[in-house]
Amino acid sequence: MRKYFNLSYPFYYDIKTSIIISILVFVLSTLFSILFEPFEVNYKELKFSFLFISIIHSAVSFIVFMSSVFVLNVFRDNKNDWKLKNEFCFLFLVLLIIGISQFLIRDLIYLKEDNWSFKYLVEEIRNTILVGGLLIFVITSINIERLKNIYIKKGKDLDSTLNATLNKVEKHIEIKTQVISDDFTLNLNNFLYAKSDKNYLEIYLEDNLVLLKRITIKSFEEQLSYCANICRVHRSYIINLKIIIKVTGNSQGLQLWINDKDYVPVSRKLIPEFEYKFKNQNL
């Protein structure tokens, strides 16, 4: 069970994706309430039509979810170490807040004198977690298997093309940095990968050598743009395709192994570009 909850999982909570998810949840939850009425409804206690009240409940869920996403993006800088346990914890917290929020609006939509009773607080939280929790567990479990199968297959397909990529051609490139005195010559024959650290770049070379240069990863990428074997695979990583010894996949994407212990991740949105370059690199 611990291994399951520590599985890597895509971070879907950028603002654009979250808006799409929340709109979808709004529509589906409204339809679900109208079509199935999962909990007993006393129509005499309603201040408005059941349709309108269903829309109100869905709107509350929409607002809570988007607010939670905004807070999450503010306080969580590293989106790449998102795991299944983080996904479940975040969504459970969202459901808890939604349940409390549904309780707080009861007085606006129900004709009952005890709307503010502890009984209804527990009931709203329970109902929200029962319905939402089940859907989240089912959808997340299906999604992680779907993603895992997709990226494992991609990894195997790309791994099978690793035949002649160990051929080496000596090539030196003059790299300009933000500090003239720090400019340097990069031997592509020894270059493994580069990792961004804000305005600095860690450049990893053979023989465990690491250069720390004041240059953005974007500038470094542009200066190497004509090199067919160099590829930006992540917002923080650029790699020499010729040094990859193995390609694997999991639910979060692809991993490009440079030895038995170290790998460079490929972000999902850059997989198509990586695939094209990897399959068409100059040997």
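Higher on the page you've got the structure.
Definitions and cut-offs
- Residues numbered from 1 in each chain as written.
- Predicted model: local features only at pLDDT ≥ 70, side-chain atom pairs only at ≥ 80, totals over all residues.
- Heavy atoms only, no water.
- Phe/Tyr/Trp six-rings, centres within 6.5 Å; stacked < 30°, edge-to-face > 60°.
- Helix = DSSP H or I, 4+ residues; strand = E, 2+ residues; numbered from the N terminus.
- Buried < 20%, exposed > 50% of the residue type's maximum accessible area, 1.4 Å probe, protein only.
- Lys NZ or Arg CZ within 6 Å of the ring centre and 35° of its normal.
- Expected span 1.5 Å × (residues − 1).
- Contact = heavy atoms within 4.5 Å.
- 1 Å grid on protein atoms, 1.4 Å probe; cavity = no way out; pocket = protein on both sides within 12 Å on 5 of 7 lines; lining within 4 Å.
- Points joined across faces, edges and corners; volume = space filled by probe spheres on them.
- Nonpolar A, V, L, I, M, F, W, Y, C, P; charged D, E, K, R; others polar.
- Core = buried A, V, L, I, M, F, W, Y, C linked by side-chain atoms within 4.5 Å.

### What to know about the packing of aromatic side chains
Within a pair of aromatic rings, the relevant descriptors are the distance that separates the centres and the angle that separates the planes.
Part 1: One pass over the full model with this rule turns up 17 aromatic pairs.
Part 2: Between phenylalanine 5 and phenylalanine 88 the ring centres are 5.7 Å apart and the planes differ by 75°, which places this aromatic pair in the edge-to-face class. Of this pair, phenylalanine 5 sits in helix 1 (residues 2-5) while phenylalanine 88 sits in helix 4 (residues 84-104); the two residues are 83 residues apart in sequence, bridging distant segments of the chain.
Part 3: Its relative accessible area of 16% is what places phenylalanine 88 among the buried residues.
Part 4: Both rings, one in tryptophan 82 and one in phenylalanine 90, keep their centres 6.4 Å apart while their planes meet at 70°; by these two values the pair is edge-to-face. This pair shows no difference in class: tryptophan 82 is buried, exactly as phenylalanine 90 is.
Part 5: Among the aromatic residues, those joined into a cluster by ring pairs are Phe11, Tyr13, Phe65, Trp82 and Phe90.
Part 6: The residue whose ring lies beneath arginine 106 is tyrosine 120, and the NZ or CZ to ring-centre distance is 3.8 Å.
Part 7: Over the face of the ring belonging to tryptophan 257 we find lysine 246, whose NZ or CZ atom lies 5.3 Å from the ring centre.

### Some details on helix 4
Part 1: Helix length check: helix 4 (21 residues) gives 30 Å between terminal C-alpha atoms against 30 Å at 1.5 Å per residue, within 8%.
Part 2: Buried residues of helix 4: Leu84, Glu87, Phe88, Phe90, Leu91, Val94, Leu95, Ile98, Gly99, Ser101, Gln102 and Phe103, and no others.
Part 3: Buried residues along helix 4 sit against helix 1, helix 3 (50-75), helix 5 (106-109) and helix 6 (118-159).

### Side note on the layout of surface pockets
Part 1: Of the volumes computed, that of the largest pocket is approximately 1,700 Å³.
Part 2: Lining the largest pocket are 50 residues, and of these Ser29, Ser61, Thr128, Val131 and Gly132 lie nearest its centre.
Part 3: When residues of the lining of the largest pocket are traced back to their parent elements, those giving at least two are helix 2 (15-36), helix 3, helix 4 and helix 6.
Part 4: Among the elements that take part in the lining of the largest pocket, helix 6 stands out by supplying 13 residues, more than any other.
Part 5: In terms of residue class, the lining of the largest pocket is made up of 27 nonpolar, 14 polar and nine charged.

### Here's the deal with the nonpolar core
Part 1: Counting 47 residues, the largest nonpolar core has Tyr13, Phe90, Val233, Ile239 and Phe274 as its most contacted members.
Part 2: For this core, the element with the highest residue contribution is helix 3, accounting for eight residues.
Part 3: In this structure tyrosine 13 touches Ser18, Phe65, Val69, Leu72, Asn73, Trp82, Glu87, Phe90 and Leu91, once residues within four positions along its chain are discounted.
Part 4: Core analysis: the next-biggest nonpolar cluster, separate from the first, contains 17 residues, Phe184, Leu186, Phe220 and Ile238 among them.

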